[in-house]
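As a plain string of letters, each chain reads:
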Amino acid sequence: MANWTRRGFLGSLSGAAATSLVAQQSGRLSLPEKRTGQGSIKITDLRCAIIGQNPVVRIVTDQGVSGYGEAESAKPYLKPMVLFYKDYILGEDPTDVERVMLKIRRLGAFKPWGSAVSAIEIALWDIAGQVAGVPVYKLLGGKIRNRVRAYNGAVRFPMTGQTPRDYAENMAKMKEAKEGFTLIKQAVGFHNPTMMRAMTNGWYDEPRTGASHADRGLMTERGLQTIIACVEAMKKVLGDEIGLALDCGPGWTVKDAITFARALEPLHITWLEDLITGDYMPYPDAEVFREVKQSTSIPIHTGEEIYLRQNFKDLIEKQAVDVIGPDPEDVGGLAETKWIAEYADLHGILIAPHGVFDGLIGLAAHVQLAAALPQNYIAFEYPVGQPEWWYQIVDGLPDPIMKQGFIDVWDRPGLGVTFNIPAAKSRLQEEDRSFFD
């Protein structure tokens, strides 16, 4: 295979033949022969298929190289939004990632609509890494860690009740999970509607239906004490061996959030997440988060709903939280998350990326990103393949994926994973039959 040269993009890389071998072994399309000199690669198509529940993006090029990105399984309705961007990127060089993103980034929005832009960005990096013959983390500045920590996220055990004893038993199961998590997050308060609705008179309002996490209001004394008792029961099981983070909202009043945080201070909780806003509430509310943060020693966390760096500006510059949690599949992609992480680091703020529904292509993207994040990185939220057959249609993931709470960073080009196309084709819906053609 001739060397691929593209306006100096490859520099002195001479591993094209090795790249081809890796690509063939992984089932990924290998790069075609290309003349030496001024090379080029162009986007010829943008496709989206709903595989299981996850929207999967494929960017096709004129050189036989395709890149993949993925959006959350909670967004199977996203396909038309992805395809909206097709005309904006056709004919562009996919390895000029930022040039392409300048055309579409401004046309996204807060969760869920930033997901389409984010999935496209991830697919662009997948192509760029393949063309360069390097893993994506090399293009993001290089790795500073050989393994990355993740917390449980999508690994859950069903609960039969909502008493402190039930939460203790659930934590015992989490503690014994094969992944060996060193940090476990559990939903409480308004982020856990089952918990709240199991109480009698837990807050001064009635349950709402409709959008996710619609309940909010002032807690009763009984409500607060019930949640605190459940947290105490969980922490008693985990001790100081495993960290406990709490996904709390949105929906708390500032005063309840402060009372709750102060009550938990002796337990050394890793963080309290999304107390005030979060999920599908499209505003960060930096001032009220800062009031909560300044009132407690427990780290305060938010950010999973936010799209683009500009919308993290107040949270970071006002030091309104201790931890931010952008989701690479919502915030604008991998480079956007890296930029935000670096800026947060300048202000003494930590990062623990969201990712519970991000799927297996998303998992690969998280690993590549986390390898290159600065030292304010804590852990990312571990996604799984759902349905289970996802593990039969994706090649390249380690087995086991996680060992003792960490994932070893792999070095294959691009995201380092690809589809087992014959197996994946059998899972396509009728309207998506040509997705891999």
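Use the structure listed above.
Starting from 1, residues in each chain are numbered consecutively following that chain's sequence as written. At least 70 in pLDDT is required for a residue's local features to be given in this predicted model, at least 80 for side-chain atom pairs to be given and counted, and no such filter applies to totals for whole chains, interfaces and linings, which use all residues. Just so you know, side-chain values use all the structure's heavy atoms and leave hydrogens and water out.

Draft legend 1. Region of interest: the sheet that holds strand E6 (residues 243-247). Pairing in this open sheet of six strands is parallel, and the strands run E5-E6-E7-E8-E9-E10 from one edge to the other. Both outer strands of the open sheet, strand E5 (183-187) and strand E10 (350-351), are each paired with one neighbouring strand and no more. Pairing between two strands requires that DSSP report at least two bridges joining them. The numbering of helices and of strands both runs from the N terminus, where a helix is a DSSP run of H or I of at least 4 residues and a strand a run of E of at least 2. Bridge analysis of E5 against E6 gives five bridges, and the strand direction is parallel. Its bridge partner lying in E6, Ala187 is registered against Asp247. Each of E5 and E6 touches helix H9 (residues 221-238); the most contacted strand, E6, lies at about 155° to it. Residues are treated as being in contact if the distance between any of their heavy atoms lies within 4.5 Å. Think of each axis as a best-fit line through the C-alpha atoms, taken over the contacting stretch in the case of a helix, with angles from 0 to 180 degrees between the N-to-C directions.

Draft legend 2. Spatial organisation of the pairing of strand E4 (residues 147-151). With three bridges connecting them, E4 and strand E13 (residues 406-408) associate as antiparallel partners. Of the residues in E13, the one forming a bridge with Arg149 is Phe406.

Draft legend 3. Molecular detail of the pairing of strand E1 (residues 43-51). We call a residue buried when its accessible area falls under 20% of the maximum for its residue type, exposed when it is over 50%, and partly exposed in between, using a 1.4 Å probe and counting protein chains only. Counting buried residues in E1 gives seven out of nine residues, a clear majority hidden from the surface. Taken together, the eight bridges between E1 and strand E2 (residues 54-61) define a ladder with antiparallel strand orientation. Looking at E2, one finds that Ile50 is bridged to Pro55. The antiparallel hairpin formed by E1 and E2 contains two residues in its connecting segment, where Gly52 sits at a positive phi of about 70°.

Draft legend 4. Fine view of H9. By this rule the span expected of a helix is its residue count minus one, scaled by 1.5 Å. Given a rise of 1.5 Å per residue, 18 residues ought to cover 26 Å, and the 26 Å separating the end C-alpha atoms of H9 matches this to within 8%. Tucked into the core, H9 has its buried residues touching helix H7 (164-175), E5, helix H8 (193-198), E6 and helix H10 (254-264). One or two positions beyond H9, positive phi appears at Gly239, with a value near 55°.

Draft legend 5. Geometry of the packing of helix H4 (residues 97-104) against helix H5 (residues 114-132). Two elements in contact, H4 and H5, have axes separated by 10 Å at closest approach and are oriented at 165°. Compared by their axis directions, H4 and H5 come out roughly antiparallel. Crossing of H4 over H5 shows right-handed handedness. Residues Val97, Val100, Met101 and Ile104 of H4 touch H5, and the partners they reach there are Val117, Ile120, Glu121, Leu124, Trp125 and Ala128. Each residue is assigned to one of three groups, with Ala, Val, Leu, Ile, Met, Phe, Trp, Tyr, Cys and Pro labelled nonpolar, Asp, Glu, Lys and Arg labelled charged, and all others, Gly among them, labelled polar. Classifying every residue of the contact of H4 with H5 by side-chain character gives nine nonpolar, no polar and one charged. Should an angle fall under 35 degrees it is called roughly parallel, over 145 degrees roughly antiparallel, and 65 to 115 degrees roughly perpendicular, with every other angle called oblique. By definition, turning the near helix anticlockwise from the far helix through less than a right angle yields a left-handed crossing, and turning it clockwise yields a right-handed one.

Draft legend 6. Structural context of the pattern of salt bridges. Salt bridges, as used here, are contacts in which a Lys or Arg side-chain nitrogen is within 4 Å of a carboxyl oxygen on Asp or Glu. For the structure on display, the rule yields 28 salt bridges. Two residues, Lys79 and Glu431, come together in a salt bridge whose shortest N-O distance is 3.1 Å. Of this pair, Lys79 sits in helix H2 (residues 79-84) while Glu431 sits in the segment after helix H17 (421-425), and the two are 352 residues apart along the sequence. What makes Lys79 buried here is its relative accessible area of 15%.

Draft legend 7. Representation of unusual backbone geometry in the model. The omega torsion of the bond from Gly249 to Pro250 falls at 10°, within 30 degrees of zero and hence cis. Positionally, Pro250 belongs in the loop between E6 and H10. The step from Asp399 to Pro400 runs through a cis peptide bond, and the omega angle for that step is 0°. Here Pro400 is to be found in the loop between strand E12 (394-395) and E13.

Draft legend 8. Examining the environment of Ser212 more closely. Summarising the element assignment, Ser212 is placed in the loop between H8 and H9. The sequence separation of Ser212 and Met281 amounts to 69 residues, and the corresponding C-alpha distance is 9.7 Å.

Draft legend 9. Summary view of the environment of Pro383. In this structure, Pro383 sits in the loop between strand E11 (380-381) and helix H16 (390-393). Owing to a relative accessible area of 0%, Pro383 belongs among the buried residues under this scheme. Along the backbone, Pro383 and Gln162 are 221 residues apart, and their C-alpha atoms lie at a distance of 25 Å. For Pro383, the residues in contact, after removing those within four places along its chain, are Ala154, Gly355, Val356, Asp358, Gly359 and Leu363.

Draft legend 10. Geometry of H10. Taken residue by residue, H10 has Val254, Asp256, Ala257, Ile258, Phe260, Ala261 and Leu264 as its buried positions. Residues of H10 that are buried sit in contact with H9, E6, strand E7 (272-273) and helix H11 (286-293).

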